[in-house]
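# A look at the structure
Chain residues, written in single-letter form:
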Amino acid sequence: MDENISLIPVSVKNLTIAYHRKPVLQEIDLECPEGKLIGIVGPNGAGKSTLIKGILGLVPTVSGEVEIYGKPYKTQRKLIGYVPQRESVDWDFPTNAFDVVLMGRYGHIGWFRRPSSLDREIAMNCLEKVGMADFANRQISQLSGGQQQRVFLARALAQDAAIYFMDEPFAGVDAATEKAIISLLNELKTQGKTVLVVHHDLQTVKEYFDWLLMLNVRKVAMGPTEEVFTPENLQTTYGGRLALLKTGEHLTIAGI
């Protein structure tokens, strides 16, 4: 990498986003280290998905700056892979799983050029990685929720990005798909990729992520999971709602 390019994959300064004049994110400052699995946690309405969309320029911002490796996002789009919430996708769109994954190659080949045999080979390899090669010709509307999520992960892999943003990839998937997803995330990390994941299940936070952003409209804490995933930060992040999240034996206020 050029010496003049920042080694910080994602830098956010003073990011504020409001809907109908009501702030949903306020004065967010953060820097994401390279080659980490970074979980983003917080209660409903905390602004987790909005943060990702704000970084990617998908929603208007009131203020703030976003840099990807030291440069504006608009000039660095090829470095980004994005997996949106499954509920936000039109799964009735008439296309098959292979073509969805092949779309991930257009950042490299351009929208007006035909995919090469190499692009098609990469797309199929990505389907194989997520265990969906046998469904390549299946219409996406005919896939289960977990299978649809795997296809979108394969599309992100096909982008061969440096930074991945994933908005609740574990939501509503079966245990086998969840296991496949975390295996894939760890593979990306091994390759030196930076992965930011909006996540809801607090009981798997320590197992899945080495870095954590705790968010509730404002940044509560960010750093190595072992350091910031504390009862105090959980209480600040979730407030009175924290008691509702204590559904398992592995998460308590006294000692996580």
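Attention in this report is confined to the structure presented alongside it. (Residues numbered from 1 in each chain as written. Predicted model: local features only at pLDDT ≥ 70, side-chain atom pairs only at ≥ 80, totals over all residues. Heavy atoms only, no water.)

Before going further, it helps to spend a moment on the sheet that holds strand β1 (residues 10–19). Strand order in the open sheet formed by four strands is β2-β1-β4-β5, with antiparallel pairing between adjacent strands. Edge positions in the open sheet fall to β2 (22–32) and β5 (71–72), since each of these has one partner strand only. Bridge count for β1 against strand β4 (residues 63–68) is five bridges, and the pairing is antiparallel. Bridging from a neighbouring strand, S11 pairs with E67 of β4. Against the sheet, helix α1 (residues 48–55) engages β1, β2 and β4, with an angle of about 115° to β1. (Pairing = 2+ DSSP bridges. Helix = DSSP H or I, 4+ residues; strand = E, 2+ residues; numbered from the N terminus. Contact = heavy atoms within 4.5 Å. Axes fitted to C-alpha atoms, helices over the stretch in contact; angles between N-to-C directions.)

Okay, helix α4 (residues 117–129) next. Look at α4: 18 Å from first C-alpha to last across 13 residues, which is about the 18 Å you get at 1.5 Å a residue. Within the span of α4, buried status applies to D119, A123, C126 and L127. The buried side chains of α4 occupy one side of the element, clustering within an arc of 100° when seen end-on. With respect to the buried face of α4, the exposed residues turned more than 90 degrees away are S117 and L118. (Expected span 1.5 Å × (residues − 1). Buried < 20%, exposed > 50% of the residue type's maximum accessible area, 1.4 Å probe, protein only. Arc of directions from axis to C-beta.)

Attention now moves to the sheet that holds strand β10 (residues 218–224). The strands making up a sheet associate through backbone hydrogen bonding, with each pair oriented either parallel or antiparallel. Strand order in the open sheet formed by six strands is β6-β7-β8-β3-β9-β10, and the pairing between neighbours is mixed. At either margin of the open sheet sits one strand with a lone partner, and together these are β6 (80–83) and β10. Taking the axes of each pair of neighbouring strands and ignoring which way they run, one obtains an average angle of 15° across the sheet. Bridge count between β6 and strand β7 (residues 163–167): four bridges; the pairing is parallel. Opposite I80, over in β7, you have I163 as the bridge partner.

Turning next to the side chain of S11. Structurally, S11 is set in strand β1. On the accessibility criterion, S11 (8% relative accessible area) is buried. Every residue in contact with S11, bar those within four places of it in the chain, is listed here: L30, E31, E65, V66 and E67.

This part covers helix α9 (residues 231–238). Of all the residues in α9, the buried ones are P231, N233, L234, T237 and Y238. Buried residues of α9, viewed axially, fall in a sector of 160°; they line one side. Across from the buried face of α9, at angles greater than 90 degrees, the exposed residues are E232 and T236. In the stretch just after α9, G239 is the one whose phi turns positive, near 60°.

Tallied over the entire structure, the rule returns five salt bridges. Across the pair E187 and K129 runs a salt bridge, and its minimum N-O distance is 3.1 Å. Taken together, the residues E187 in helix α6 (residues 175–190) and K129 in helix α4 connect sequence positions 58 residues apart. Note on E187: relative accessible area 31%, which makes it partly exposed. (Salt bridge = Lys/Arg side-chain N within 4 Å of Asp/Glu carboxyl O.)

By size, the foremost hydrophobic cluster in this structure holds 38 residues, and its most contacted members are V101, L127, V151, M166, L185 and V195. Secondary structure elements with two or more residues in this core: α2 (97–102), α4, α5 (145–158), β7, α6 and β8 (194–198). Among the elements that make up this core, the one with the highest residue count is α5 (seven residues). In contact with L185, other than residues within four places in its own chain, are L37, M166, F170, V195 and V197. Listed in part, the 30 residues of the second largest apolar core include I40, I80, Y82 and V198. (Core = buried A, V, L, I, M, F, W, Y, C linked by side-chain atoms within 4.5 Å.)

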